[in-house]
Amino acid sequence: MSLIPIPSRIAAAEHELSDLLAYPQEQLAAIIKEVGFHCDLCSRCCTRAFNGHVFLLDCDTDRAREIDPESVEPAPYPEFCDQKGTFYVSGYALRAKDDDCRSCYFLENNRCRIYDQRFSICRVYPYMLHREPDEQGKIDWRQISGLDQHGEYHTEMTADICQDAARETQEYEVACIRQEISFLEYILDYFSKNRLRHVQKIYDDRMRAFARGEEIRVMVFYQGRLEEHRVRSP
Ligand code: SF4
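Asks: I'd like a description of the overall build of the protein, backed by residues and values.
Replies: A tally of helices and strands in the protein yields 7 helices and 10 strands. Scaling as 2.2 N^0.38, a compact globule of 234 residues should have a C-alpha radius of gyration of about 17 Å, and the protein matches this with 19 Å. In terms of overall dimensions, the protein has C-alpha extents of about 55 × 40 × 35 Å along its principal axes. Here the protein, with 234 residues, has 44% of them falling under the buried criterion. For the protein, long-range pairs separated by at least 24 residues make up 68% of all intrachain contacts whose partners lie at least 6 apart in sequence. Accessible surface, the protein as shown: approximately 13000 Å² in total, 50% of it carbon and sulfur. Mean positive and mean negative side-chain charge positions of the protein (30 and 41 charges, respectively) differ by 7 Å.

Next comes the structure, spelled out in structure tokens:
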């Protein structure tokens, strides 16, 4: 991924954004209605074992920090590493607990303890709207995450609820891509001004060191600037 030049990545993200904006909301609403997903409160979606990390838009990071400054951490899998071994990532993620399933910092007794204030991705989940490969590797639009792996299906949903879910999902995905484009544009400029470049070998070496327990330096893109962190593997 990081071997692709940054300008090409920006162009690809802008292309994805225009396709996303052109995706008909009524089509997404019809899929949501047909699937008829209903949460059965299993809480698996709030664990990294099931879902990976919870990436935060900047507005969500603001809210998370207001609720509890300890609740966020640099998102894993940084996009870049420069020749000095510093990583760069496009935003924050919710911190995970050190339990077996790496549950979300806000999950308590299988319930979200800040449910009314939960974040953008938590509100739209399990709906999504981006291109992903399926089990056969075929890349196409995916609209439901973890289909048939959690929850109940084919429940009755009103047209208004489906339409609202479709609108919120599309808005969330647009905001995600815009945050990624801003990050890439910032890094392109920052690397050029500071004579930095991405070096994959150093990325791999530092990641191995991180896995062994060494500290790494991570710059997190947030509100149009970089915030510095020193991070160790949990
Ligand atoms: S904030 Fe709440 S809804 Fe979102 S992942 Fe954490 S526990 Fe789940």
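Asks: Go over the site of the ligand with me, naming the residues and quoting the values.
Replies: Close to the ligand lie Cys46, Val54, Leu94, Cys104, Phe106, Leu107, Cys112, Phe119 and Cys122, which account for all nearby residues. Across the shell around the ligand, the residue classes tally to 9 nonpolar, no polar and no charged.

Asks: Give a description of the pairing of strand 7 (residues 127-133) that names residues and reports values.
Replies: Along a regular strand, successive side chains alternate from one face of the sheet to the other. Of the pairings in the sheet, the one linking strand 7 to strand 8 (residues 139-144) comprises 5 bridges and is antiparallel in character. For Glu132, the partnering residue across the bridge sits in strand 8 and is Asp140. Hairpin connection of strand 7 to strand 8: 5 residues between the antiparallel strands, including Gly137 at a positive phi of 85°.

Asks: Which residues make up the sheet that holds strand 2 (residues 80-81), and what are the values?
Replies: In space, the 4 strands of this open sheet follow the order 2-3-9-10, with mixed pairing throughout. Each of the sheet's edge strands pairs with one partner strand only, and the pair in question is strand 2 and strand 10 (225-231). By the bridge criterion, 2 bridges tie strand 2 to strand 3 (residues 86-89) in an arrangement that is antiparallel. Looking across to strand 3, one finds that Cys81 is bridged to Phe87. Along the sheet face, helix 6 (residues 159-193) touches strand 2, strand 3, strand 9 (216-222) and strand 10 and points at about 150° away from the line of strand 3.

Asks: Describe helix 4 (residues 58-67), listing the residues and the values that go with them.
Replies: Listed in full, the buried residues belonging to helix 4 are Asp58, Asp60, Thr61 and Ala64. End-on, the buried residues of helix 4 take up no more than an arc of 150°, which puts them together on one face.

Cut-offs and rules
- Within each chain, residues carry numbers counting from 1 in the order of the written sequence.
- The predicted nature of this model means local features are confined to residues of pLDDT at least 70 and side-chain atom pairs, given and counted, to a pLDDT of 80 or more, with totals for whole chains, interfaces and linings taken over all residues.
- Side-chain measures here rest on the full set of heavy atoms in the structure, leaving out hydrogens and waters.
- Note on conventions: DSSP H or I runs of at least 4 residues are helices, E runs of at least 2 residues are strands, and numbering of each starts at the N terminus.
- Put simply, the radius of gyration uses C-alpha atoms, and a globule should come to 2.2 Å times the residue count raised to 0.38.
- Categorising residues by exposure relies on relative accessible area from a 1.4 Å probe, with only protein chains included: less than 20% of the type maximum marks a residue as buried, more than 50% marks it as exposed, and the intermediate range marks it as partly exposed.
- Should any heavy atoms of two residues lie within 4.5 Å, those residues are considered in contact.
- Here, Shrake-Rupley sampling with a 1.4 Å probe gives the accessible areas, and only protein chains in the shown set may cover a residue.
- Within this scheme the basic residues Lys and Arg register as positive and the acidic residues Asp and Glu register as negative, but His and the chain ends are omitted.
- Where a charge sits is defined by one atom per residue type, namely NZ (Lys), CZ (Arg), CG (Asp) or CD (Glu).
- Throughout, near means a residue has at least one heavy atom within 4 Å of the molecule or strand.
- Lys, Arg, Asp and Glu make up the charged group, whereas Ala, Val, Leu, Ile, Met, Phe, Trp, Tyr, Cys and Pro make up the nonpolar group; the residues left over, Gly among them, are polar.
- Any two strands are treated as partners once DSSP identifies two or more bridges connecting them.
- Helix axes are fitted only over the stretch in contact, all axes being lines through C-alpha atoms; the angle between N-to-C directions runs from 0 to 180 degrees.
- Relevant arc is that of directions from the helix axis to the C-beta atoms, nothing else.

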